[in-house]
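# Report on the structure
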Amino acid sequence: MRPSLAALALALLAAPAAAETAAVPDLISGARQLTFEGTRAGEGYYSADATQMIFQSERAPGNPFYQMYLMDLTTGDVERVSNGIGKTTCGWIHPKGDRVLFSSTQFDPEARAKMQAELDFRASGQTRRYSWDYDPTYEIVERDLTTGQFTRLTDALGYDAEGAYSPDGSKIVFASNRAAYARALSDEDAARLKRDPAYFMDLYVMDADGANVTRLTDTPGYDGGSFWSADGSKITWRRFAANGATAEIYTMNADGSEQRQITDLGVMSWAPFFHPSGEYLIFTTNLNGFANFELYIVDTAGKRVPVRVSARDGFDGLPAFTADGTGLTWTSNATSTRKSQIFVADWDHETALASLDAAPRRAALGLPEITVADLKAHVEALASEEMQGRLTGTEGERLATQYVADAFAALGLAPAAPDGTYFEPFEFTAGVALGEGNRLEIGVAGEGETLVLDDDWRPLAFSATGELPDAPVVFAGYGLDVPASGDTPAFDSYEGLDVEGKWVLLWRGAPGDLSEERRNALSRYSSLRYKASVAKGKGALGVLFTPPPRETEFPRLPRLAFQPGAGVTSLPLVAIDRAASARMLSNLDEDLDALTQALEAGEVVVRPLEGVSVGGTVALDFERSQGRNVLARLDLDGEADNPALAIGGHVDGLGLGETAGSLAKPEERGQIHYGADDNASGVAAVLEVAQHLAAERDAGRLTGARDILFAAWSGEELGLIGARHHVEAIKTRESAEHIRESVAAYINMDMIGRLEDNLIVSGLASSPVWAREIERRNAVIGLPIETSDSPYLPTDATAFYLGGAPVLSLFTGAHGDYHTPRDTPDTLNYEGLYDITRFVALVTRSQARAEAAPEYVEVERPQPSGARQMGGVFLGTIPDYAGDGQKGVPLSGVVKGGPAELAGLQGGDVVVALAGQDLDDIYDYVRTLNTLAPGEAVEIAVERDGARVVLEIVPGLRE
């Protein structure tokens, strides 16, 4: 026997065609057609105990329209529950099962005449395209199933329909365009109401007896098809665009608050229904073709791309679950007549959850207004486990940047990367790993020992590589070389020690038995890199670092963690454990405890280690990778050659703490560094400002003198490399010294999620416009603001300022969770983030409309503290601390009128030698600066355009 068309269609629904199988999970089983009688049937909804189903069907004799029917699913009996007069739609069964509601035109005096007119039309053989009739005489009716009595629950001119009881039966949510009939309309709206009554549809809620009607939505375009969540706390519905061309799925709280857009498919998505678990919705969409409506599911937060459920040409829609979530009903034209009937099937909830978990994450776009809910949704998405900390160059960064690009696209922002996409790629050194052939051998008193790699020893990430000649070892205690400062005397661990051509054994850290003031002074020079630079300057062949004998927090061996922008030294540098260093020191014929006490007390103790030698090989593999910025442009119809206003934040994070920037506790290492504050908070704000201003533009309330460039930078945690790449690319394309022809100003948001005492706003000195903007825009918001003049900050704003654009940077302060796995979404102050985002939106709006671009002011860069302290010597160079591992010290610029400018140095130079000292990195540079005297000329060598240029510079005295 040949299978029927319905059977074939059901087979396609339950087991998609081969081309679809991989994309469509098998979520339903046992699919079968439930209704057969009449011309068509649809909108089947279960009772709370799944023993009954209410549905609409064209099957009543003498009535061509839908009437309402109730099917007993235990016996199969069907009873008409409407009175057979007029039209009906949208039935629902009360949770107690003793009554039903639906919408009906039975009270319309013209109801019978309209029935006859439709019968006559059909009898004539004429046909018309199917469309829904928003008859203004539709009213919501309740029928008592015991007495058969009808109760009219609404009595207002307009289409009142699409009603559903709340789970406890106390409320009814429904759709209506009654407001359009109750007020005086403009000529335009009056014509629209006649032509398109759906445009005026909004959602209402009332008591179950029809009292206390409250309006929930008031938005141009159709709001309708609403249903409650199983716990009654939420409502879902469909919202049509004002032109009726598209519809999206929304949810809100039962009181109408926190309205959230769940889908952004840009097609006709409608008929949403909550799964009883509350974890996802099922809905209907024609995403796969104008006339091909399919079932999809989407998580109730809208965090994931919707997952397709059905896969066949035709109509499958109007789905609803049983109360226990194991059964599904829907309306389909997978019938022999191609007319819609009701189908039922079993539902696989666990597979649905797994399918949603595997679906790509999407940007959560809610209301055009800036909202706490949307900010939180963006933070939770970016700081999720799926994003794995968003380390630049990883899959987590790819997912995060895709999330931002999808959001920009959904908002209608134009791609702004040079290649016409949203993505601006850049290459960088991503990390370091142990290479093949690492070997370290120590000799003590004629006995050799090969240390075990990664157990007894490990090369440092910035070590020189290659063969290590076997050479003697000297001990220089803590290896410090600290210049005198004020009343603080100098300290030289190498006093009287010859290290030329020898290995130096050094303890990590600084002496512990000192006054806090003295310990702090020495600690600033105690980093491994600075100590390595000092040893190099003394002529050492290489350095062995080991923990001091005292109990300290030092791990046995430093992690092999790449330090972005720091490059490598020309010295082999290795770490050894305490046991290996103790064997070397045991060759000394003296009391080691006494020696240790002297060193901890700050005495200089140096010793040649007679009979001790070291040799071997260091092999490191430096890994190259690619990251990407996300760039989008909001066109405000300004002059084409006006520079854009840029606003951004960095999207990257620390991943699992693989880089040297992690401050995770030992027990937290290897965990996801979620980066909710740093910097999901900033990117969330960028997205909300973009959404708000795009909506303002689309509504005709925002035009500007300049466009707005929205950006999510990557590589910030690796040294601002994404923003720096963007700035340098602009300068290269335009053959310009600065970027002001392209970027009028830049506003940066980095770590703005933990507002407590103050919002720190930095960069005021970069343009006189900022103080005025802060005063005027914060008068509206009322934030507690602390200002800072400096535009030189450890964030992406610095790349723009050094490129020639004024900057404003926002920051809510450091905290103990910074750069640890504890920086999670639940720790943020979302109300504070909301206020900051609104403030930035106002500043951005103001500057986008300003005819004149903000004036750029050159500000002297303050000298860094710690290991980079340059004493009283002033050269006026601005080192580029975001360099990608090159030899020497790249310069971002020079201070106007300073010694460097007078000597002929310029931005883009790489300083490779100073005062006769070759420079590997910034640490060599700082160490050498500390030896210079103000007013005494020295040579400085730079690489410029591939050539070595030697200049004379006269150091100044810092005031």
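Residues numbered from 1 in each chain as written. Predicted model: local features only at pLDDT ≥ 70, side-chain atom pairs only at ≥ 80, totals over all residues. Heavy atoms only, no water.

### Quick notes on the sheet that holds strand 14 (residues 223-228)
Taken in spatial order, the 4 strands make up an open sheet running 14-15-16-17, and their pairing is antiparallel. Looking along the sheet, the strands with just one partner apiece sit at the ends: strand 14 and strand 17 (260-261). Where strand 16 (residues 247-253) and strand 17 come together, 2 bridges link them in antiparallel fashion. Within strand 17, the position partnered with T251 by the bridge is R260. (Pairing = 2+ DSSP bridges. Helix = DSSP H or I, 4+ residues; strand = E, 2+ residues; numbered from the N terminus.)

### Description of the pattern of salt bridges
Opposite charge on two side chains lets them pair, provided their charged atoms get close. Enumeration over the complete set of coordinates arrives at 48 salt bridges. Measuring nitrogen to oxygen at the nearest pair gives 3.6 Å for the salt bridge that ties R122 to E58. On the criterion of sequence distance, the pair formed by R122 in helix 3 (residues 111-123) and E58 in the loop between strand 3 (52-57) and strand 4 (67-72) is long-range, its members being 64 residues apart. On the accessibility criterion, E58 (8% relative accessible area) is buried. (Salt bridge = Lys/Arg side-chain N within 4 Å of Asp/Glu carboxyl O. Buried < 20%, exposed > 50% of the residue type's maximum accessible area, 1.4 Å probe, protein only.)

### Concerning unusual backbone geometry
Across the junction of D678 and N679, the peptide omega takes the value 5°, indicating a cis bond. Relative to the assigned elements, N679 resides in helix 13 (residues 676-698). Positive phi is not limited to glycine here, since C90 has a value of about 60°. Following the sequence through the fold, C90 ends up in strand 6 (residues 88-93).

### Overview of the environment of E517
Tracing the backbone shows E517 in helix 9 (residues 516-523). Considering only alpha carbons, one finds E517 and T488, 29 residues apart in sequence, at a separation of 9.4 Å.

### So, the packing of aromatic side chains
In total, this model carries 32 aromatic pairs according to the counting rule given. Ring centres 6.2 Å apart and planes at 40° place the aromatic pair W92 and F273 in the tilted group. Of this pair, W92 sits in strand 6 while F273 sits in strand 18 (residues 269-274), and the two are 181 residues apart along the sequence. Like W92, the residue F273 is buried in the burial classification. Look at Y280 and F321: their rings are 6.2 Å apart centre to centre, the planes differ by 85°, and that puts the pair in the edge-to-face class. Taken as a pair, Y280 in strand 19 (residues 280-285) and F321 in strand 22 (residues 316-321) lie far apart in primary sequence, 41 residues in all. For Y280, a relative accessible area of 0% corresponds to the buried category. (Phe/Tyr/Trp six-rings, centres within 6.5 Å; stacked < 30°, edge-to-face > 60°.)

### A few points about helix 10 (residues 528-538)
Of all 11 residues making up helix 10, 8 are buried, and the element is well covered by its neighbours. Packed against the buried residues of helix 10 are strand 31 (481-482), strand 33 (503-507), strand 34 (542-546), strand 35 (573-576), strand 48 (917-918) and helix 19 (922-929). Remark: G539 follows helix 10 within two positions and exhibits a positive phi of approximately 95°. (Contact = heavy atoms within 4.5 Å.)

### Things to note about the confidence of the model for the protein
Per-residue confidence for the protein averages 89 on the pLDDT scale, and 94% of its residues sit at or above 70. Low pLDDT, under 50, characterises residues 1-23; the predicted model gives this stretch 27 contacts beyond four residues in sequence or across chains. (pLDDT = per-residue confidence, 0-100.)

### Let's talk about the packing of helix 7 (residues 372-382) against helix 17 (residues 830-849)
Packed helices, taken two at a time, are described by the angle between their axes plus the distance between the axes. Packing of helix 7 against helix 17 brings their axes to within 9 Å, and their N-to-C directions diverge by 105°. In terms of orientation, helix 7 lies roughly perpendicular with respect to helix 17. Listed contacts from helix 17 to V372, L375, K376 and V379 of helix 7 are Y830, E831, L833, Y834 and T837. Tallied by class, the residues present in the contact of helix 7 with helix 17 amount to 6 nonpolar, 1 polar and 2 charged. (Axes fitted to C-alpha atoms, helices over the stretch in contact; angles between N-to-C directions. Parallel < 35°, antiparallel > 145°, perpendicular 65-115°, else oblique. Nonpolar A, V, L, I, M, F, W, Y, C, P; charged D, E, K, R; others polar.)

### Structural notes on the packing of helix 7 against helix 13
Packing of helix 7 against helix 13 leaves a shortest axis separation of 8 Å and a crossing angle of 135°. Taken together, the axes of helix 7 and helix 13 lie oblique to each other. For the element pair helix 7 and helix 13, the recorded crossing hand is right-handed. Of the residues in helix 13, those touching helix 7 at D374, L375, H378, V379 and L382 are A676, A680, S681, V683, A684, A685, L687, E688 and Q691. Among the residues making up the contact of helix 7 with helix 13, the classes are represented as 9 nonpolar, 3 polar and 2 charged. (Left-handed = near helix turned anticlockwise from the far one by under 90°.)

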